[in-house]
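# An overview of the molecular structure
These are the residues of each chain, in order.
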Amino acid sequence: MTTFLFLRHAHSKANSQGILAGQIEGIGLSKDGYAQVDKLSSALKDLKIDRIISSPMQRCLETVEALAKSKKKRVSIDKRLIEMNYGSWSGEKLSKLSRMKDWKVIQSKPSSFRFPKGESFKELEARIELLLKQLSRKYPKETILLITHGDIVKIAASLTVGSGLDNFQKFAVDPCSLTTISWSAKSRTLISFNQKIVSIKGEKRKTRRSGNTLGGSKDVA
């Protein structure tokens, strides 16, 4: 059985600005994000990690850099961990997007939706499931840290508990939170979800303002 530790990247500049970042290059961590990262290595010092795999996005790599050094682990990149391709929605303010008619479809029946010039939720789900299946077959006794994005963590949790794609928006994932699942050929288990591992001053207030993912709370991905 393989244990997957899903770490959502720390608070980013896109979170601060209230925009849907998606796969836009050059978006790093915010001041709050760096404050979270400063505490990350200490918070996870006793956690067993056999290997580290990250999304190629800057905000993910900045999140894991110091932690990887403290664990003396190399960071591998897997493009299947990248944030969803939001197409022409990328870079737009969520306050604007949430007023669009398609927003309700994303919340109620995401399985039917494809972002204009972008990816569908079915495609996102397929690449995450394939990745986890392959890793669990290749490393059946390892604990793997995956640094990725909010919607990816939500999809992974949904796949694990079998809730179905149209229910994945019921999950909420905070920046720099840890979700732990285990997969084998015969079973899938959600061990912990959206675990708060570091805190920063005024975090609750800032999280409400800056948001999280493309969920019903109009959060930032």
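Above this text is the structure in question.
What this report covers is the structure whose coordinates are included nearby. Just so it is clear, the structure is predicted and the values come from calculations on it, not from any experiment.

The rules behind these values
- Residues numbered from 1 in each chain as written.
- Predicted model: local features only at pLDDT ≥ 70, side-chain atom pairs only at ≥ 80, totals over all residues.
- Heavy atoms only, no water.
- Helix = DSSP H or I, 4+ residues; strand = E, 2+ residues; numbered from the N terminus.
- Expected span 1.5 Å × (residues − 1).
- Buried < 20%, exposed > 50% of the residue type's maximum accessible area, 1.4 Å probe, protein only.
- Contact = heavy atoms within 4.5 Å.
- Pairing = 2+ DSSP bridges.
- Salt bridge = Lys/Arg side-chain N within 4 Å of Asp/Glu carboxyl O.
- Axes fitted to C-alpha atoms, helices over the stretch in contact; angles between N-to-C directions.

The next point concerns helix α7 (residues 150-161). Each α-helix winds once per 3.6 residues, and so residues spaced three or four apart point in a common direction. Taking 1.5 Å as the rise per residue, α7 with twelve residues should run 16 Å; its terminal C-alpha atoms sit 17 Å apart, in good agreement. Among the twelve residues of α7, eleven are classified as buried, and the element is accordingly described as predominantly covered. For α7, the set of buried residues is Gly150, Asp151, Ile152, Val153, Lys154, Ile155, Ala156, Ala157, Ser158, Leu159 and Thr160. The secondary structure elements touched by the buried residues of α7 are β1 (2-8), α6 (121-138), β4 (143-148), β5 (177-183) and β6 (188-196). Looking one or two places after α7, you find Gly162, whose phi comes out positive at around 70 degrees.

In terms of burial, β5 is a largely internal element, seven of the seven residues being buried. On β5, burial covers both faces: Ser177, Thr179, Ile181 and Trp183 on one face and Leu178, Thr180 and Ser182 on the other are all buried. Bridge count for β1 against β5 is six bridges, and the pairing is antiparallel. Counterpart to Phe4 in the pairing with β5 is Ile181. In terms of strand pairing, β5 meets β6 through six bridges, oriented antiparallel. Looking at β6, one finds that Leu178 is bridged to Gln195. Hairpin connection, β5 to β6: the antiparallel pair is bridged by four residues.

Here the focus is the pattern of salt bridges. Summed over the entire model, instances satisfying the criterion amount to twelve salt bridges. With a closest N to O distance of 3.4 Å, Lys109 and Asp166 form a salt bridge. Of this pair, Lys109 sits in the loop between α5 (102-108) and α6 while Asp166 sits in the loop between α7 and β5, and the two are 57 residues apart along the sequence. By relative accessible area, which is 42% here, Lys109 ends up partly exposed. One salt bridge in this structure joins Glu123 and Arg114, with 3.0 Å as the shortest N-O distance. Among the residues examined, Arg114 registers a relative accessible area of 44% and is labelled partly exposed. Via salt bridges that share partners, Glu129, Lys133 and Arg188 belong to a single interconnected network.

Bringing the sheet that holds β5 into the picture now. Strand order in the open sheet made by the six strands is β3-β2-β4-β1-β5-β6, with mixed pairing throughout. The sheet is open, and its two edges are formed by β3 (75-77) and β6, each paired on a single side. On average, adjacent strands in this sheet sit at an angle of 25 degrees to one another, irrespective of strand direction. Bridge analysis of strand β2 (residues 51-54) against β4 gives four bridges, and the strand direction is parallel. Residue pairing for β4: Ser54 is matched across the bridge by Ile147. Docked against the sheet, helix α3 (residues 58-71) engages β1, β2, β3 and β4, running at close to 145 degrees with respect to β4. The strands touched by α6 are β1, β2, β4, β5 and β6; relative to β1, the strand with the most contacts, the crossing angle is about 140 degrees.

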